[in-house]
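Spelled out, the chains give:
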Amino acid sequence: MSFRDVEDLLAERGILVSFETIRQWCRKFGPGYAQRLKRKQGRLGDIWYLDELLVRINGQQYLWRAVDQDGDLIDILLKPRRDQRAAERLLRRLVRGQHQEPFRIVTDKLKSYGAAKRTILSEVTQDTRQYANNRAEVSHQHTRMRERQMRRFKSPRQAQRFLSIHSVVQNLFRVGRHLMRSANHRFLRSRSFEVWRTVTAA
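It should be emphasised that the depicted structure is a prediction, and the values quoted were computed from it without experimental measurement.

**Student:** For this particular structure, what's the right way to read the overall build of the protein?
**Tutor:** For the protein, the helix and strand inventory stands at 7 helices and 5 strands. Along its sequence from the N terminus, the protein presents helices and strands in the succession α-α-β-β-β-α-β-α-β-α-α-α. Taking 202 residues into account, the globule formula puts the C-alpha radius of gyration at 17 Å, and the protein, at 18 Å, falls close to it. Dimensions along the principal axes, computed over C-alpha positions, put the protein at roughly 55 × 45 × 30 Å.

**Student:** Could you clarify how one ought to interpret unusual backbone geometry in this entry?
**Tutor:** Note: most peptide bonds trans; most residues except glycine with negative phi. Phi is positive for His99, which is not a glycine, with a value near 60°. Position of His99 among the secondary structure elements: in the loop between helix H3 (84-98) and strand E4 (104-106). Of note in the backbone geometry, Tyr131 takes a positive phi value of approximately 75° without being a glycine. Mapped onto the secondary structure, Tyr131 falls in the loop between strand E5 (125-127) and helix H5 (134-149). Using a relative accessible area of 60% as the deciding quantity, one classes Tyr131 as exposed.

**Student:** Is there a simple way to think about the environment of Arg197 in this case?
**Tutor:** Along the polypeptide, Arg197 turns up in helix H7 (residues 182-201). At 3.0 Å, the side chain of Arg197 and the side chain of Glu194 are in polar contact.

**Student:** Got a minute to help me understand the sheet that holds E4 in this structure?
**Tutor:** Adjacent strands of a sheet form backbone hydrogen bonds with each other and so pair up, either parallel or antiparallel. Strand order across the open sheet formed by 5 strands is E3-E2-E1-E4-E5, with mixed pairing between neighbours. Edge positions in the sheet fall to strand E3 (73-79) and E5, since each has one partner strand and no second. Across this sheet, the average inter-strand angle for adjacent strands is 20°, counted without regard to direction. Pairing between E4 and E5: 3 bridges, direction parallel.

**Student:** Would you mind going over the packing of helix H2 (residues 19-41) against H7 with me for this structure?
**Tutor:** Axis angle and axis distance: for two packed helices, these are the angle between their axes and the distance between the axes, and together they describe the pair. Interaxial distance between H2 and H7 falls to 9 Å at its minimum, and their mutual angle equals 130°. Comparing their axes, H7 and H2 come out oblique. Where H2 crosses over H7, the handedness of that crossing is right-handed. For the pair formed by H2 and H7, the contact residues are Tyr33, Arg36, Leu37 and Lys40 on the first element and Val195, Trp196, Thr198, Val199 and Thr200 on the second. For the contact of H2 with H7, the class distribution of residues is 5 nonpolar, 2 polar and 2 charged.

What counts, and at which threshold
Residues numbered from 1 in each chain as written. Predicted model: local features only at pLDDT ≥ 70, side-chain atom pairs only at ≥ 80, totals over all residues. Heavy atoms only, no water. Helix = DSSP H or I, 4+ residues; strand = E, 2+ residues; numbered from the N terminus. Rg over C-alpha atoms; globule rule 2.2 N^0.38 Å. Buried < 20%, exposed > 50% of the residue type's maximum accessible area, 1.4 Å probe, protein only. Polar contact = N/O pair within 3.5 Å; in protein donor to acceptor, adjacent residues only side chain to side chain. Pairing = 2+ DSSP bridges. Axes fitted to C-alpha atoms, helices over the stretch in contact; angles between N-to-C directions. Parallel < 35°, antiparallel > 145°, perpendicular 65-115°, else oblique. Left-handed = near helix turned anticlockwise from the far one by under 90°. Contact = heavy atoms within 4.5 Å. Nonpolar A, V, L, I, M, F, W, Y, C, P; charged D, E, K, R; others polar.

Taken by themselves, the reported measurements are silent on function.
What follows is the structure, given as structure tokens:
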């Protein structure tokens with residue numbers, strides 16, 4: 001939802017604030033909430049699917065993304081190039097954040113991945129088969145949707161900040177509704193809300 005949508009929802013409940021106030025709340029409290037959620041979620045999966053997406057923000061930028069075998073987003077990185085240096089930066093960031101190396105990485109045939117893997121993850125196997133990386137490519141759809149709703153990101157810094165925070169929250173509430181019985185879905189949704197209340201009350 002846009003900030004103006006949230007303004008209308010709050011107004012319907014008798015809370016009168018402007019959309020600019022809501023934007024400032026997000027900037028002030030969002031990073032702290034994301035950090036607490038990251039600490040609670042701990043380590044994610046040990047198979048990393050890596051991909052990059054062209055995003056036009058004041059020119060040309062590449063959004064590097066890593067998701068695990070469960071579809072949870074591990075991390076993102078926005079860089080102006082998709083060369084070996086950018087791929088190495090992503091891998092170092094992932095290893096530092098997860099405190100471990102993966103069992104396997106799955107990528108497309110971009111040569112930057114292979115060069116970076118030999119430097120950072122020399123003992124890890126790499127899968128470059130056709131269609132093997134569909135999980136990472138599909139995860140880009142949510143970014144495109146948010147980009148359209150926000151009428152494009154205004155700067156690389158804004159995009160990095162917003163997408164990093166939003167991805168952590170998305171991991172919490174993405175419970176695979178279509179893969180389970182409704183009772184199980186309601187249970188997992190309630191558990192997600194309980195975690196959210198704990199994080200936001202701290």
